[in-house]
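Architecture and fold: a report
As a plain string of letters, each chain reads:
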Amino acid sequence: MKIGELAKQTGVSVRSIRYYESQGLISPIRQANGYREYSPLAVETVETIKLYLNLGLSTEQIAGFLHCVLKNKEAFCAEVMPLYHSKLEDIERQLVELNQIKRNLEERMASILQEQNESRLGACTASVENFGEE
């Protein structure tokens, strides 16, 4: 099948398929006219790549075990679990960092609101004090 058909069947852009090829994740056969010809198995390969990209893995990481998971069950590929553990650790670190950023933003917003309220209160007090002097 041609690259356009593969893109259509998998919902992946032609550009992404070319990128996967440049990363060594898929290998089409080149016809005499230079066109790429993909085997029917390329659909499964691209779907598998999408799965792992959606887990937050990079194409470099995927390249390290893709061949194994396409031939075996994921459970039998020794490279997978260490990557999953590493990815979870990364996510945990990012969550801690994001929660700190969230707290910082909340504190900053509370400080701004407090300053605005104090400013309004001061303006109201001044208006009341100056009310009878006109």
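Here is a short report on the structure shown in this document. Residue positions are given per chain, counted from 1 along the sequence in the order it is written. Given that this is a predicted model, residues contribute local features only at a pLDDT of at least 70 and side-chain atom pairs are listed and counted only at 80 or more, while totals for whole chains, interfaces and linings are drawn from all residues. Side-chain metrics in this entry use all non-hydrogen atoms of the structure; hydrogen atoms and water are not considered.

**Considering the overall build of the protein**
Elements are defined by DSSP. Helices are runs of H or I of four residues or more, strands are runs of E of two residues or more, and each kind is numbered from the N terminus. A tally of regular secondary structure across the protein gives six helices and two strands. The C-alpha radius of gyration of the protein comes to 28 Å, more than 25% above the 14 Å expected for a compact globule of 134 residues. Expressed as lengths along the three principal axes of its C-alpha atoms, the size of the protein is roughly 95 × 35 × 20 Å. Exposure classes here rest on a 1.4 Å probe applied to the protein chains alone. A residue is buried below 20% of its type maximum, exposed above 50%, and partly exposed in between. Every one of the 134 residues in the protein was classed for burial, and the buried ones make up 22%. The contacts in the protein between residues at least 6 apart in sequence include a share of 44% that link residues at least 24 apart. In this description the radius of gyration comes from C-alpha coordinates, and the expected globular size is given by 2.2 Å times residues to the power 0.38. By definition in these notes, contact holds between two residues if any of their heavy atoms fall within 4.5 Å.

**Some points on a nonpolar patch on the surface**
On the surface, a cluster of nonpolar side chains totalling about 660 Å² of accessible area is made up of L88, I91, L95, L98, I101, L105 and M109. Classification of M109 as exposed rests on a relative accessible area of 53%. Each patch groups residues whose relative accessible area exceeds 30% and which form no salt bridge, using 9 Å between like charges and 5 Å between nonpolar side chains of Val, Leu, Ile, Met, Phe, Trp and Tyr. Using a 1.4 Å probe, the Shrake-Rupley method yields the accessible areas, and only the shown protein chains count as cover for residues. Salt bridges are counted wherever a side-chain nitrogen of Lys or Arg sits within 4 Å of a carboxyl oxygen of Asp or Glu.

**Re the state of the cysteines**
The disulfide criterion used throughout: a pair of cysteine sulfur atoms within 2.5 Å. Tallying each qualifying case throughout the model produces one disulfide. Between C68 and C77 runs a disulfide, and the two sulfur atoms are separated by 2.1 Å. As the torsion about the S-S bond is roughly -100 degrees, the C68-C77 disulfide counts as left-handed. Classification of C68 by relative accessible area gives buried; the value is 17%.

**Overview of the layout of surface pockets**
Cavities and pockets were defined on a 1 Å grid built from protein atoms only: a cavity is a group of points that admits a 1.4 Å probe but offers it no way out, a pocket is an open group of points flanked by protein on both sides within 12 Å along at least five of seven lines, and a lining residue is one with an atom within 4 Å of any such point. Grid points are joined across faces, edges and corners, and a volume is the space filled by probe spheres set on the points. Size it by volume and the largest pocket reaches roughly 400 Å³. Forming the walls of the largest pocket are 18 residues, and the residues nearest its centre are L25, I26, S27, T45 and L70. Mapped by element, the contributors of at least two residues to the lining of the largest pocket are α3 (41-54) and α5 (66-71). For the lining of the largest pocket, the residue count by class is ten nonpolar, five polar and three charged. Note on residue categories: nonpolar means Ala, Val, Leu, Ile, Met, Phe, Trp, Tyr, Cys or Pro, charged means Asp, Glu, Lys or Arg, and polar means any other residue, Gly included.

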